[in-house]
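# Architecture at a glance
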Amino acid sequence: MQTFEGIIRVRQVNPGSKSEGTAAWLETEAGGEPQMLRLYRSDMPDVGDPFFADMDGKRVVISGDAEAADYLCVAEMTVSDELGSRKSVRKKTVKKNKENE
């Protein structure tokens, strides 16, 4: 298990399709470069998980397992009192989903 720190970004995915919904990413830095890790919980879909719905912009520390294709399985998460910047590295709608990778 690894520990990651960053800001949660919740964005709309797959607009206009049957799998339209919201998904969460952790905006973090790896080696000085911005990185976006798609968040999901074990036994829960990564699109439409209500756990992440109200967390956009919150600073967190996450323990979990990083997986191929920039996914992060969240085992534990601590939310900081401090809000992260509302400015995101990636603002556009993301159309890619786990099944397409």
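Structural data are supplied above this passage.
Residues numbered from 1 in each chain as written. Predicted model: local features only at pLDDT ≥ 70, side-chain atom pairs only at ≥ 80, totals over all residues. Heavy atoms only, no water.

What follows deals with the overall build of the protein. Looking only at helices and strands, the protein features zero helices and five strands. Reading the secondary structure of the protein in the N-to-C direction produces β-β-β-β-β. Scored against the burial criterion, the 101 residues of the protein give a buried share of 39%. For the protein, long-range pairs separated by at least 24 residues make up 56% of all intrachain contacts whose partners lie at least 6 apart in sequence. For the protein, the accessible surface area stands at approximately 6,200 Å², while carbon and sulfur atoms represent 47% of it. (Helix = DSSP H or I, 4+ residues; strand = E, 2+ residues; numbered from the N terminus. Buried < 20%, exposed > 50% of the residue type's maximum accessible area, 1.4 Å probe, protein only. Contact = heavy atoms within 4.5 Å. Areas by Shrake-Rupley, 256 points an atom, 1.4 Å probe, with all protein chains shown as cover.)

Right, let's get into unusual backbone geometry. Phi is positive for Asn-14, which is not a glycine, with a value near 55°. Assignment of secondary structure puts Asn-14 in the loop between β1 (2-13) and β2 (21-30). The class of Asn-14 is buried, set by a relative accessible area of 7%. Although it is not a glycine, Asp-43 adopts a positive phi angle of roughly 65°.

Of all hydrophobic cores here, the largest spans 14 residues; its most connected members are Ile-8, Leu-26, Leu-39, Phe-52, Ile-62, Leu-72 and Met-77. Those elements giving two or more residues to this core turn out to be β1, β2, β3 (33-41), β4 (58-67) and β5 (71-83). Excluding residues that lie within four positions of it along the chain, Leu-39 makes contacts with Ile-8, Ala-24, Trp-25, Leu-26, Asp-46, Phe-52, Ile-62, Leu-72 and Val-74. (Core = buried A, V, L, I, M, F, W, Y, C linked by side-chain atoms within 4.5 Å.)

Moving on: the pattern of salt bridges. What the rule picks out here adds up to four salt bridges. Among the ionic pairs, Glu-27 bridges to Arg-9, the shortest N-O distance being 3.0 Å. In this pair, Glu-27 is assigned in strand β2 and Arg-9 in strand β1, connecting sequence segments 18 residues apart. When its relative accessible area of 1% is taken as the criterion, Arg-9 is described as buried. Between Asp-46 and Arg-38 there is a salt bridge, with its nearest N and O atoms 2.9 Å apart. Comparing Asp-46 with Arg-38, the two get one shared label, buried. (Salt bridge = Lys/Arg side-chain N within 4 Å of Asp/Glu carboxyl O.)

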